[in-house]
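# Residue-level structural notes
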Amino acid sequence: MRNIISSKKKRVLPGFRLTLGYTLLYLSLIVLIPLAAVFWKTSTLTWPEFFQTVTSPQALAAYRLSFGASLLAAFINAVFGLIVAWVLVRYNFFGKKFVDSLVDLPFALPTAVAGITLATLYAPNGWIGQFFAPLGLKISFTRLGVLVALTFIGLPFIVRTLQPILEDFEPEIEEAAASLGANRWQVFWRIIFPTLTPALITGFALAFARALGEYGSVVFISSNIPMKTQIVPLLIMTKLEQFDYAGATALAVVMLVFSFGLLLTINVLQWWTNRHNTSNLS
Amino acid sequence: MTPSTTLRLRTSAQPRSTSEPPWVRWLLITIALLFLSFFLFVPLISVFAQAFAKGFGFYLKTLTDPLAWSAIKLTLIAAGISVPLNCVFGVCAAWLIAKFDFRGKNILLTLIDLPFSISPVISGLVYVLVFGAQGWLGLYLNADKPWFPWLAQWLNEHDFHIIFAVPGIVLATIFVTFPFVARELIPLMQAQGRTEEEAARVLGASGWQTFWRVTLPNIKWGLLYGVILCNARAMGEFGAVSVVSGHIRGKTDTIPLHVEILYNEYNFTGAFAMASVLAFLALITLILKLWVERKNALLKTTNE
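It should be emphasised that the depicted structure is a prediction, and the values quoted were computed from it without experimental measurement.

### Examining the overall build of chain B
Helix and strand counts for chain B come out as 15 helices and zero strands. Computed over its C-alpha atoms, the radius of gyration of chain B comes to 25 Å, more than 25% above the 19 Å expected for a compact globule of 304 residues. Projected onto the principal axes, the alpha-carbon positions of chain B cover approximately 90 × 65 × 30 Å. Summarising the internal contacts of chain B: among those between residues at least 6 apart in sequence, 73% fall at separations of at least 24. About 15000 Å² of surface is accessible on chain B, with carbon and sulfur atoms providing 67% of the total. For chain B, the centre of its 23 positive side-chain charges and the centre of its 17 negative side-chain charges are spaced 10 Å apart.

Written as structure tokens, this is what we have:
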């Protein structure tokens, strides 16, 4: 009813031009025009120069580490995030409320703080690292350290995208499946898990996107050795410190194009999740 | 016993068919808590433990150091400018998107989210390219015949710098915290619809009156939460600020950058002392979040 009225009549509420104008102005000044500078700077490079910069061995090694560690971290978070979300929604235990609110800590804790804390904890003489050191497993200052930092950063994404879906899940469906003879495992894999899949993939993509750009926490826990433990944002930073602006920008363009693609995917996924859930309800 | 009470008893006791056996439950809870301990609980405790490792005196000494003070001051300036600006933008954008239908709305939404998906290092780099010596501003200042020669002359005379100075830090902070308030308000205002505001208008309220008396009371908790998140990120931003800061001690150091300097000087206890200030801020953010959520739930139930 409301839709019919508002689409037929002219706008009742004021401020369309004011808010549209201000939103576009502020967006352009803060985000769009500065971003355009990146593409302007890349255009000062010729194609072969650009190609050579973004496919140098050091850059390739950095992509491998950044993409590999981010994917692995998102995967770890998908598995454990699902368990955490499940436990928080379905079970009761002492301190649940406290645990639930602490899940957001990686959002709220500045990355530099996370970086120095994780680096100290997972160092061979650190609180957690000392248990792994006798096994010959070094975590801080290796690629494993990068993985630890990226897992920390992505932790809330999957838990927070799964929680609302699990809360809205109607027990009748499970009861129906159980009364038709499905055991608990079958109910989970055939009924619950397919419903969670879109949200799980969305959370995975969000965690992956965040991990890909992460700088603050990784820079402390990684030893930052080129070709070995250097992630792409750090390589950009190194180039900037050497005043190689064109080189830094070329790498930034590669990352930006990838981030835009990922952002688009996430938006499509979220639309899919919403549609999936509303069709389930009706 | 009436049929309805048996039904209620059964659902509250959770029938075996829709729940897991106790050992599975305990196993899952243990796995979840172990995972969270490794990544959340132990790190959080260790920040404070390390900060006080050399006693309370050393902690105070680190925080009252003049360089630490100037870092705290700069962080407050950056957050103090960027949070109100992004707050005004957030309310404006949310009003636009929630109250009106127009073409290109989805594109606008995606563009607002953009700073979230960009690496902090690139956010800083972007401003170096605009305002740096090799960027647009540099080109303008060194041009033979610049537009508005008086402006170029004034800028040159006053040795005005944005990059490796305070304005750059403020700009980078605005960029990375750009979407926070808008992101929080848009879904909230979309869910609330337009009927209340339309009713206010029909009853003769002006646009501003409608906003202050109808919309604002409805969104105040969401707005507060957006501001809290925005502030937490503004005070804690490291990557973007690190690119534009130039690391001039006592001048262009924010708290996170000061943490880095202390850490790289092997003054670990000092670094953790500074870090504990930010960790404390993060805890306050989480507590306020809980409080706002409770208020929001209350608002929802009273509205229903």
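The discussion continues.
### Quick word on the overall build of chain A
Within chain A, the regular secondary structure consists of 14 helices and zero strands. Order of helices (α) and strands (β) in chain A, N terminus to C terminus: α-α-α-α-α-α-α-α-α-α-α-α-α-α. Each principal axis of the C-alpha distribution contributes one length, and for chain A these read about 70 × 65 × 35 Å. A total of 282 residues make up chain A; the buried ones form 52% of that total. Summarising the internal contacts of chain A: among those between residues at least 6 apart in sequence, 75% fall at separations of at least 24. When the accessible surface of chain A is split by element, carbon and sulfur atoms take 67% of a total near 13200 Å². Across chain A, the mean location of the 20 positive side-chain charges is 7 Å away from that of the 12 negative side-chain charges.

### Topic: the environment of A:T53
Of note, A:T53 is situated in helix α3 (residues 47-54). Exposure remark for A:T53: the relative accessible area of 17% places this residue in the buried category.

### Things to note about the nonpolar core
Within the largest apolar cluster, 190 residues are counted, with the highest numbers of intra-cluster contacts made by A:I236 and B:I112. Non-local contacts of A:I236, meaning those with residues more than four positions away in its chain, are made with A:A248, A:L251, A:A252, A:M255, B:V121, B:I122 and B:L125.

### Structural notes on a nonpolar patch on the surface
All names here are of chain B. A contiguous nonpolar patch, built from L224, F280, I284, L288 and W291 and spanning about 430 Å² of accessible area, is present on the exposed surface. At four residues, helix α15 (residues 268-303) tops the list of elements feeding residues into the nonpolar patch. The class of L288 is partly exposed, set by a relative accessible area of 31%.

### Thoughts on the packing of helix α7 (residues 111-121) of chain A against helix α9 (residues 143-168) of chain A
All names here are of chain A. Relative to each other, α7 and α9 sit at 140 degrees, their axes nearing to 10 Å. For the element pair α7 / α9, the angle class is oblique. Considering the relative orientation of α7 and α9, their crossing is right-handed. Contacts between α7 and α9 involve T111, A114 and L118 on the former and, on the latter, V148, A149, F152 and I153.

### Focus: the interface of chain A and chain B
At the junction of the two partners, chain A supplies 87 residues and chain B supplies 89 residues. Buried surface at the junction of chain A and chain B, summed over both partners, amounts to about 8400 Å²; 80% is from carbon and sulfur atoms. The largest per-residue losses of area from chain A upon contact with chain B belong to A:L13, A:Y26 and A:Y91, which jointly make up 8% of the total buried on that side. The tally of links between chain A and chain B comes to two salt bridges. Note that B:K289 and A:D104 form a salt bridge whose closest N and O atoms lie 2.5 Å from each other. Inspection of the chain A/chain B interface yields ten residue pairs in polar contact (both at pLDDT 80 or more). Here the side of chain A that touches chain B takes 19 residues from helix α2 (residues 16-42) of chain A, the largest share from any one element. Class assignment for the residues of the side of chain A that touches chain B results in 63 nonpolar, 15 polar and nine charged.

### Focus on helix α6 (residues 120-131) of chain B
Helical geometry note: an α-helix holds 3.6 residues per turn, so side chains three or four residues apart project in the same direction. A rise of 1.5 Å per residue sets the reference length of α6(B), with its twelve residues, at 16 Å; its end C-alpha atoms lie 17 Å apart and thus fit the reference within 8%. Those residues of α6(B) that fall on the buried side of the exposure criterion are B:P120, B:V121, B:I122, B:S123, B:G124, B:L125, B:V126, B:Y127, B:V128, B:L129 and B:V130.

### Remarks on the packing of aromatic side chains
With the rule as written, the count across this model stands at 37 aromatic pairs over all chains. Between A:F243 and A:Y245, the ring centres sit 6.2 Å apart and the planes meet at 70 degrees, which makes this aromatic pair edge-to-face. For A:F243, a relative accessible area of 53% puts it in the exposed group. Classification of A:Y245 by relative accessible area gives buried; the value is 9%. Aromatic side chains B:Y266 and B:F268 sit 5.9 Å apart centroid to centroid with 85 degrees between the ring planes, which places their arrangement in the edge-to-face category. According to the relative accessible area criterion, B:Y266 is exposed, its value standing at 66%. Among the aromatic residues, those joined into a ring-pair cluster are A:Y215, A:F220, B:F238, B:Y263, B:Y266 and B:F268.

### Quick word on the confidence of the model for chain B
Residues and elements named next belong to chain B. Looking at chain B, the pLDDT average stands at 87 and 93% of residues meet or exceed 70. Considering each helix and strand of chain B separately, the mean pLDDT is smallest for helix α1 (residues 3-12), with a value of 43, and largest for helix α4 (residues 66-99), with 95. Predicted confidence is poor over residues 1-13, with pLDDT under 50, and the contacts of this stretch with residues over four places away or in other chains come to three contacts. In the model output, the complex is listed with pTM 0.88 alongside ipTM 0.87.

### Overview of a negative patch on the surface
Residue and element names in this part refer to chain A. Taken together, the side chains of E167, D168, E170, E172 and E175 define an acidic patch exposed on the protein surface. For E175, the location among the structural elements is in helix α10 (residues 171-179). E175 gets classed as partly exposed once you look at its relative accessible area, which sits at 33%.

### Some remarks on unusual backbone geometry
Residues and elements named next belong to chain A. One non-glycine residue, N224, lies in positive phi territory at about 60 degrees. Looking at where N224 falls in the secondary structure, it is placed in the loop between α12 (216-221) and α13 (232-241). Even without glycine at this site, M227 takes up a positive phi of about 75 degrees. With respect to the helices, strands and loops of the structure, M227 is situated in the loop between α12 and α13. A relative accessible area of 43% means that M227 is categorised as partly exposed.

The rules we used
- Residues numbered from 1 in each chain as written.
- Chains lettered and ligands numbered in written order.
- Predicted model: local features only at pLDDT ≥ 70, side-chain atom pairs only at ≥ 80, totals over all residues.
- Heavy atoms only, no water.
- Helix = DSSP H or I, 4+ residues; strand = E, 2+ residues; numbered from the N terminus.
- Rg over C-alpha atoms; globule rule 2.2 N^0.38 Å.
- Contact = heavy atoms within 4.5 Å.
- Areas by Shrake-Rupley, 256 points an atom, 1.4 Å probe, with all protein chains shown as cover.
- Lys, Arg positive; Asp, Glu negative; His and termini not counted.
- Charge placed at Lys NZ, Arg CZ, Asp CG, Glu CD.
- Buried < 20%, exposed > 50% of the residue type's maximum accessible area, 1.4 Å probe, protein only.
- Core = buried A, V, L, I, M, F, W, Y, C linked by side-chain atoms within 4.5 Å.
- Patch = residues over 30% accessible without salt bridge, like charges linked within 9 Å, V, L, I, M, F, W, Y side chains within 5 Å.
- Salt bridge = Lys/Arg side-chain N within 4 Å of Asp/Glu carboxyl O.
- Axes fitted to C-alpha atoms, helices over the stretch in contact; angles between N-to-C directions.
- Parallel < 35°, antiparallel > 145°, perpendicular 65-115°, else oblique.
- Left-handed = near helix turned anticlockwise from the far one by under 90°.
- Buried area = accessible area lost by both parts, 1.4 Å probe.
- Polar contact = N/O pair within 3.5 Å; in protein donor to acceptor, adjacent residues only side chain to side chain.
- Nonpolar A, V, L, I, M, F, W, Y, C, P; charged D, E, K, R; others polar.
- Expected span 1.5 Å × (residues − 1).
- Phe/Tyr/Trp six-rings, centres within 6.5 Å; stacked < 30°, edge-to-face > 60°.
- pLDDT = per-residue confidence, 0-100.

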